[in-house]
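Reading the structure
Below, each chain spelled out in residue letters.
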Amino acid sequence: MLQLLERRLDNLVYRMNFADSRSQARQLVSHGHMTVNGRKVDIPSYRVKVDDVVGWKESSKKTGIYEIVAGEIPKRPLPNWVSLD
């Protein structure tokens, strides 16, 4: 059960420090700011697989939230199973 919850896209966005809270991460995903393997995903419960690449949509990188987040990474330590590039 825990593995399923940790694989959710909104949880991963939070774990990667792209959001200050899980609800903010859910909103970022729902509003279409995140991509998985280069494709926009707007479903917070989307299950991320091993070796998937999660990132920001190119047009979202021009928003104020991206600039704030990019300047503050890393705030929290990353889990061992996540790498941030």
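Here the residue numbers are simple positions, counted from 1 along each chain's written sequence. Totals for whole chains, interfaces and linings use all residues, but because this is a predicted model, local features are given only for residues with pLDDT of at least 70 and pairs of side-chain atoms are given and counted only at 80 or more. The basis for every side-chain value is the complete set of heavy atoms in the structure, and neither hydrogens nor water enter the calculation.

Let's talk about the overall build of the chain
In this text, helices come from DSSP runs of H or I with a minimum length of four residues, and strands from runs of E with a minimum of two, each type numbered from the N-terminal end. On a plain count of helices and strands, the chain comes out with four helices and three strands. Counting from the amino terminus, the chain carries its helices and strands in the arrangement α-α-α-β-β-β-α. Three labels apply to residues, based on accessible area from a 1.4 Å probe with only protein chains included: buried if under 20% of the type maximum, exposed if over 50%, partly exposed otherwise in between. The burial tally for the chain puts 34% of its 85 residues in the buried class. Pairs of residues are marked as contacts when any of their non-hydrogen atoms sit within 4.5 Å. Put simply, of all contacts in the chain between residues at least 6 apart along the chain, 45% involve residues at least 24 apart. Exposure was quantified through the Shrake-Rupley algorithm and a 1.4 Å probe, taking into account, for residues, occlusion by the shown protein chains and nothing else. Working note: accessible area of the chain is about 5,600 Å², and carbon and sulfur atoms make up 51% of it.

Section: the packing of aromatic side chains
What counts as a ring pair is set by centres within 6.5 Å for rings of Phe, Tyr and Trp (its six-membered ring), and what kind of pair is set by the plane angle: stacked under 30 degrees, edge-to-face over 60, tilted for all other angles. According to the stated counting rule, one finds one aromatic pair in the structure shown. On the numbers, 5.7 Å between centres and 55 degrees between planes, the contact of F18 with W56 is tilted. Of this pair, F18 sits in the loop between α2 (9-15) and α3 (22-30) while W56 is found in strand β3 (residues 54-56), placing the two residues 38 residues apart along the sequence. Taking the relative accessible area as the measure of exposure, W56 reaches 8% and is therefore buried.

Comments concerning the sheet that holds β3
We call two strands paired when DSSP finds no fewer than two bridges between them. Taken in spatial order, the three strands of this open sheet run β2-β1-β3, and their pairing is antiparallel. Edge strands, defined here as strands with exactly one partner in the open sheet, are β2 (39-40) and β3. One ladder, built from three bridges, connects strand β1 (residues 34-36) with β3; its direction is antiparallel. Within β3, the residue paired with T35 across the bridge is G55.

Structural notes on the environment of I43
With respect to the secondary-structure elements, I43 resides in the loop between β2 and β3. With 11 residues separating them along the chain, I43 and G32 place their C-alpha atoms 8.4 Å apart.

Re the side chain of T35
Here T35 is to be found in strand β1. Excluding anything up to four places from it in sequence, T35 contacts K40, V41, V53, V54, G55, W56 and K57.

A short note on the confidence of the model for the chain
Averaged over all residues, the pLDDT of the chain is 84; the fraction at 70 or higher stands at 87%. Helix α1 (residues 2-6) is the least confidently modelled element of the chain, averaging 68 in pLDDT, while β2 averages 95, the highest of any element. Every residue is assigned a pLDDT by the predictor, reflecting its confidence on a scale from 0 to 100.

Looking at α3
If you check which residues of α3 are buried, you get A25, L28 and V29. Down the axis, α3 shows its buried residues gathered within 95 degrees of arc, on one side only. Residue G32 follows α3 closely and has a positive phi angle near 80 degrees. Directions are taken from the helix axis to each C-beta atom, and the arc is the one they span.

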